[in-house]
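Reading the structure
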Amino acid sequence: MKKLWKWLALPAALLLCAACGTPYDPNRHRYTPEERSAHYEEYPYDQLLNACGFVIPDGRLLESTVLASDLILTGRVADDGVSEVVPVFEGVESPPVTITSYQIDVREVLYGSYDEEQLTLRFYWAFQTKPYQGDELLLFLTVGPDYCLPTTASNYSVFVINPPDDRLFALSNKEVLTAFDGSKPKSLEAEIDGIVEGFQSATEYPYSTGAVALSALSEDSPLYEEYRDIYRDNPYYPEYDEIFE
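Residues numbered from 1 in each chain as written. Predicted model: local features only at pLDDT ≥ 70, side-chain atom pairs only at ≥ 80, totals over all residues. Heavy atoms only, no water.

Side note on the nonpolar core
With 38 residues, the main nonpolar core has Val-66, Ile-72, Phe-159 and Tyr-227 as its most contacted residues. Mapped onto this core, the elements with two or more residues apiece are helix 2 (61–68), strand 3 (96–111), strand 5 (136–143), strand 7 (158–162), strand 8 (167–170), helix 4 (185–200), helix 5 (211–216) and helix 6 (224–231). Counting 20 residues, the second-largest nonpolar core is a separate cluster that includes Tyr-102, Ile-104, Tyr-114 and Leu-171. (Core = buried A, V, L, I, M, F, W, Y, C linked by side-chain atoms within 4.5 Å. Buried < 20%, exposed > 50% of the residue type's maximum accessible area, 1.4 Å probe, protein only. Helix = DSSP H or I, 4+ residues; strand = E, 2+ residues; numbered from the N terminus.)

Structural notes on the pairing of strand 4 (residues 118–123)
The buried fraction of strand 4 is high, at five of six residues. In this sheet, strand 4 lies alongside strand 3 in antiparallel orientation, the contact comprising six bridges. The partner of Thr-100 across the bridge, within strand 4, is Phe-123. (Pairing = 2+ DSSP bridges.)

Observations regarding the side chain of Thr-209
By the secondary structure assignment, Thr-209 is in the loop between helix 4 and helix 5. When sequence neighbours within four positions are dropped, the list of residues in contact with Thr-209 reads Leu-67, Ala-68, Phe-199, Leu-214, Tyr-227, Tyr-231 and Tyr-240. (Contact = heavy atoms within 4.5 Å.)

Regarding the packing of helix 2 against helix 4
Look at helix 2 against helix 4: their axes get within 10 Å of each other, and the N-to-C directions meet at 75 degrees. With respect to helix 4, the element helix 2 is oriented roughly perpendicular. Contact residues: helix 2 offers Leu-62, Glu-63, Val-66 and Leu-67, while helix 4 offers Leu-188, Glu-191, Ile-192, Ile-195, Val-196 and Phe-199. (Axes fitted to C-alpha atoms, helices over the stretch in contact; angles between N-to-C directions. Parallel < 35°, antiparallel > 145°, perpendicular 65-115°, else oblique.)

Some details on the packing of aromatic side chains
A full pass over the atoms with the stated rule returns 12 aromatic pairs. Relative to Tyr-240, the ring of Tyr-237 lies with its centre 5.5 Å away and its plane at 5 degrees, an arrangement referred to as stacked. Given the relative accessible area of 6%, Tyr-240 is considered buried. Positioned above the aromatic ring of Tyr-147 is the side chain of Arg-122, whose terminal nitrogen or guanidinium carbon lies 4.0 Å from the ring centre. (Phe/Tyr/Trp six-rings, centres within 6.5 Å; stacked < 30°, edge-to-face > 60°. Lys NZ or Arg CZ within 6 Å of the ring centre and 35° of its normal.)

Notes on the confidence of the model for the protein chain
Within the protein chain, residue pLDDT values average 86, and 86% of them lie at 70 or more. Contacts of residues 1–18 to residues separated by more than four positions or lying in other chains number 46 contacts, the stretch itself having pLDDT below 50. (pLDDT = per-residue confidence, 0-100.)

A word on the side chain of Ser-157
Along the chain, Ser-157 turns up in the loop between strand 6 (148–150) and strand 7. Exposure remark for Ser-157: the relative accessible area of 0% places this residue in the buried category. Here Thr-151 takes part through its backbone nitrogen, which lies 3.3 Å from a polar atom of the side chain of Ser-157. Among the polar contacts made by the side chain of Ser-157, one reaches the main-chain amide nitrogen of Thr-152 at a distance of 2.9 Å. Beyond its immediate chain neighbours, meaning those up to four positions away, Ser-157 contacts Thr-65, Leu-138, Leu-139, Phe-140, Pro-150, Thr-151 and Thr-152. (Polar contact = N/O pair within 3.5 Å; in protein donor to acceptor, adjacent residues only side chain to side chain.)

Section: unusual backbone geometry
With omega at 5 degrees, the peptide bond leading from Pro-163 into Pro-164 counts as cis. Mapped onto the secondary structure, Pro-164 falls in the loop between strand 7 and strand 8. The residue Asp-166 is not glycine, and still its phi comes out positive at about 60 degrees. Relative to the helices and strands, Asp-166 resides in the loop between strand 7 and strand 8. With a phi angle near 55 degrees, Asp-233 is a residue other than glycine that sits in the positive phi range. Mapped onto the elements of the fold, Asp-233 is located in the loop between helix 6 and helix 7 (238–241). Its relative accessible area of 65% is what places Asp-233 among the exposed residues.

A short note on the pattern of salt bridges
Overall, the coordinates contain nine salt bridges when judged by the stated rule. Of the charged contacts, one joins Asp-105 and Arg-76 as a salt bridge, the two residues approaching to 3.0 Å between their closest N and O atoms. Here Arg-76 lies in strand 1 (residues 71–77) and Asp-105 lies in strand 3, a separation of 29 residues in the sequence. Look at Asp-105 and you get buried, because its relative accessible area is 15%. (Salt bridge = Lys/Arg side-chain N within 4 Å of Asp/Glu carboxyl O.)

Okay, here's the thing in structure tokens:
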């Protein structure tokens, strides 16, 4: 457990960065339900699968997204995005795909560990709603070599903090997530806290886990030994191995 502190950041902890002290721009883009509906008429792909290919029921969408993430944070979109063609799978021969990368000014890290003031966020798929420069976002992320990805390939992983009164707007059309529309970010943060606390005492969990879930486990947690054995000396997930050292 020596390196556990590197991963676990309490929800109340603030990342000291340039964006933290910058007020929200009141003139930033405002998302509407009509805009979301129009998007899904064109791209009606909003189905989440776990690592084994099983469909995750709507009632567990938020839970599975939270616990599969490596980072949960708020941030501001700093640019209009840059598109490029890259292999779907890095390091091996694979089909090309057009990605769009954005620079995100980090405001507050809610769960996970991130020490830089800015990160690169990649969107791979056409059916992911692309943000506007100046958007304020609440993001669920997995961490790559030098960039981050939304935890899911749909829109479950991105919430907008919408002007004019800084309330949530889900980019997914799933009712379990749009239920947060019009709520203050703290309401979603409280829900996230409850999910993480529940995982600490869970005796089983069927879906994927990331650093957020794994770092929440203590040696007294029922799932601690199971996940420690999975990730101990695992060459595919060395970053998770460190959590249990």
